[in-house]
Amino acid sequence: MPKLYISRFTTRILTGWCVVLAIILLTLTLSHVVTPNTITLHPFTLNGFLAALLMGLRIIVLFLVFSTLPMRWPVTLLTFLSLTMGIVAISQFVSVLLQGQILVILLYLVFILAFCSLLYIAIVLTSETIQHNDWGQNQKGYLINWGTSLLSSLRRFSLPLLVALVVYSVVLPLTNHVTF
């Protein structure tokens, strides 16, 4: 998996936001000001799997729509929101740990890893699509260049994206009640 190239300033801002949000969420959770959603084991159903698959595909499509813009700041905004969702999921893990159910702990940990890897792969896919889109140099048309760049990026990241999406779609309905 390639490294995501972002500026040092943006990295510091995103890291600072993650640390502040994690401290706030952990403080609220451990002081019992906020009661997190109880994570329990749910039966695996086809309806839950398809709903989770649709949720994962919506995340990917959202990032791909933002890849049509020839600027990086919209992707940075999506990265900011994605990190927020990832930190919230990680802070929820504390309450899962306090429940003490080993199977739920392992499944939720797999869910967090699949969710964060799905977000990371979507961010890298979008960034690579924007970076390799030669929209200023080629006379073919912007959408044709974008489509070529997108197909090239999808070829490179299709396997990790598919694995993360399938794992996410299997584990999410086991740890959360998901329906259409």
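The following paragraphs examine the structure supplied in this document. The shown structure was predicted, so the numbers you read here are calculated from the model rather than taken from an experiment.

Rules and cut-offs
- Residues numbered from 1 in each chain as written.
- Predicted model: local features only at pLDDT ≥ 70, side-chain atom pairs only at ≥ 80, totals over all residues.
- Heavy atoms only, no water.
- Helix = DSSP H or I, 4+ residues; strand = E, 2+ residues; numbered from the N terminus.
- Expected span 1.5 Å × (residues − 1).
- Buried < 20%, exposed > 50% of the residue type's maximum accessible area, 1.4 Å probe, protein only.
- Contact = heavy atoms within 4.5 Å.
- Core = buried A, V, L, I, M, F, W, Y, C linked by side-chain atoms within 4.5 Å.
- Axes fitted to C-alpha atoms, helices over the stretch in contact; angles between N-to-C directions.
- Parallel < 35°, antiparallel > 145°, perpendicular 65-115°, else oblique.
- Left-handed = near helix turned anticlockwise from the far one by under 90°.
- Nonpolar A, V, L, I, M, F, W, Y, C, P; charged D, E, K, R; others polar.

Its 23 residues give helix α1 (residues 8-30) an end-to-end C-alpha distance of 32 Å, which sits within 8% of 33 Å, the value for a rise of 1.5 Å per residue. Listed as buried for α1 are T10, L14, C18, L21, L25 and T29. Contacts made by the buried residues of α1 are with α3 (73-99). Downstream of α1 by one or two residues, H32 has phi in the positive range, about 60 degrees.

Attention now goes to the nonpolar core. The biggest cluster of nonpolar side chains holds 35 residues, and the ones touching the most others in it are I59, F63, V96, Y108, F111, L118 and Y168. Of all the elements in the fold, those that place two or more residues in this core are α2 (46-66), α3, α4 (102-131) and α5 (142-175). With 14 residues, the top contributor of residues to this core is α4. Discounting chain neighbours no more than four positions away, the residues touching F63 are L78, S82, L119, A122, I123 and T126.

Here α2 is 21 residues long and its end C-alpha atoms lie 30 Å apart, about the 30 Å a rise of 1.5 Å per residue gives. Among the residues of α2, those classed as buried are G48, A51, A52, G56, I59, I60, F63 and L64. Next to the buried residues of α2 lie α3, α4 and α5.

Let us now look at the packing of α2 against α4. Close contact between α2 and α4 brings their axes to 9 Å; oriented N to C, the two are set at 20 degrees. Considering the angle they form, α2 stands roughly parallel to α4. In this structure, α2 meets α4 at a crossing whose hand is right-handed. Taking contact as the criterion, the partners of G56, I59, I60, F63, L64 and F66 in α2 are, on α4, F115, L118, L119, A122, I123, L125, T126 and I130. The residue makeup of the contact of α2 with α4, split by class, is 12 nonpolar, 2 polar and no charged.

Remember that the coordinates give geometry; whether it matters functionally is a separate question.
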